[in-house]
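Listed here are the chains, written in short residue letters.
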Amino acid sequence: QVQLVESGGGLVQPGGSLRLSCAASGSIFSINDMGWYRQAPGKQRELVATITSDIISSGTRNYADSVKGRFTISRDNAKNTVYLQMNSLKPEDTAVYYCNARIKTARRNPTYPYWGQGTQVTVSS
């Protein structure tokens with residue numbers, strides 16, 4: 001059994017900052033890519049940022065155009081945790097943010113995508 005638990009969401013004024021965290025726990029053999037997605041009311045879930053498990057480069061990062069230069073994704077492999085630092089927040093960033101991780105539960109098992117329960121981020125004055 002694998003769980004992803006997110007934290008750090010909340011209400012913030014435009015221009016403010018928030019830091020999201022997502023910790024994976026349970027029967028984990030290895031974690032490959034980790035990432036953040038978001039879903040605003042009435043819209044489809046969209047990719048925000050992803051980070052690979054490459055230890056040498058500390059992970060290759062990929063960002064949606066709408067968040068480039070404002071959001072930073074990072075991970076702590078020792079803690080099985082991924083972070084999303086969000087700066088210069090805009091009202092259009094308002095959404096439920098979901099953590100995603102591709103996890104192997106045993107050496108011979110394939111990787112499988114797991115999702116967190118979501119954390120609400122609201123940007124409003």
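Residues numbered from 1 in each chain as written. Predicted model: local features only at pLDDT ≥ 70, side-chain atom pairs only at ≥ 80, totals over all residues. Heavy atoms only, no water.

**Student:** Requested: an account of the pattern of salt bridges, with residues and values cited.
**Tutor:** Within this structure, the stated rule accounts for four salt bridges. A salt bridge links Glu46 to Arg38; the nearest nitrogen and oxygen atoms lie 2.7 Å apart. Ionic pairing is found between Asp65 and Lys68, a salt bridge with its closest N-O pair at 3.1 Å. Among the residues examined, Lys68 registers a relative accessible area of 49% and is labelled partly exposed. Several salt bridges converge on common partners, so that one network encompasses Arg38, Glu46, Arg70 and Asp93. (Salt bridge = Lys/Arg side-chain N within 4 Å of Asp/Glu carboxyl O. Buried < 20%, exposed > 50% of the residue type's maximum accessible area, 1.4 Å probe, protein only.)

**Student:** Could you give me a rundown of the side chain of Thr50, with the residues and numbers involved?
**Tutor:** Structurally, the position occupied by Thr50 is in strand β5 (residues 46-51). Since its relative accessible area comes to 18%, Thr50 is described here as buried. Look past the residues within four positions of Thr50 in its chain and what remains in contact with it is Met34, Gly35, Tyr37, Thr60, Arg61, Asn62 and Ile73. (Helix = DSSP H or I, 4+ residues; strand = E, 2+ residues; numbered from the N terminus. Contact = heavy atoms within 4.5 Å.)

**Student:** Can you explain the packing of aromatic side chains? Please cite residues and give values.
**Tutor:** Following the criterion strictly, the structure yields two aromatic pairs and no others. Aromatic pair Tyr37 and Trp115: ring centres 5.1 Å apart, planes at 65°, arrangement edge-to-face. One end of the pair, Tyr37, is in strand β4 (residues 30-39); the other, Trp115, is in strand β10 (residues 112-115), and 78 residues separate them in sequence. Accessibility expressed as a relative area gives 39% for Trp115, which makes it partly exposed. Judged by centre distance (5.1 Å) and plane angle (70°), the ring pair of Tyr112 and Tyr114 falls under edge-to-face. Residue Tyr114 is classed as partly exposed on the basis of its relative accessible area of 21%. Positioned above the aromatic ring of Trp115 is the side chain of Arg45, whose terminal nitrogen or guanidinium carbon lies 4.7 Å from the ring centre. (Phe/Tyr/Trp six-rings, centres within 6.5 Å; stacked < 30°, edge-to-face > 60°. Lys NZ or Arg CZ within 6 Å of the ring centre and 35° of its normal.)

**Student:** An account of the sheet that holds strand β8 (residues 81-86) is needed here, citing residue identities and associated values.
**Tutor:** Strands sit in the order β1-β3-β8-β7 across an open sheet of four strands; the sheet is antiparallel. Lying at the two open borders of the sheet, with one neighbouring strand each, are β1 (2-7) and β7 (71-76). Pairs of neighbouring strands in the sheet enclose a mean axial angle of 15°, with direction left out of account. Two elements, β7 and β8, share six bridges in a ladder whose sense is antiparallel. Directly across from Ile73, in β8, lies its bridge partner Leu84. (Pairing = 2+ DSSP bridges. Axes fitted to C-alpha atoms, helices over the stretch in contact; angles between N-to-C directions.)

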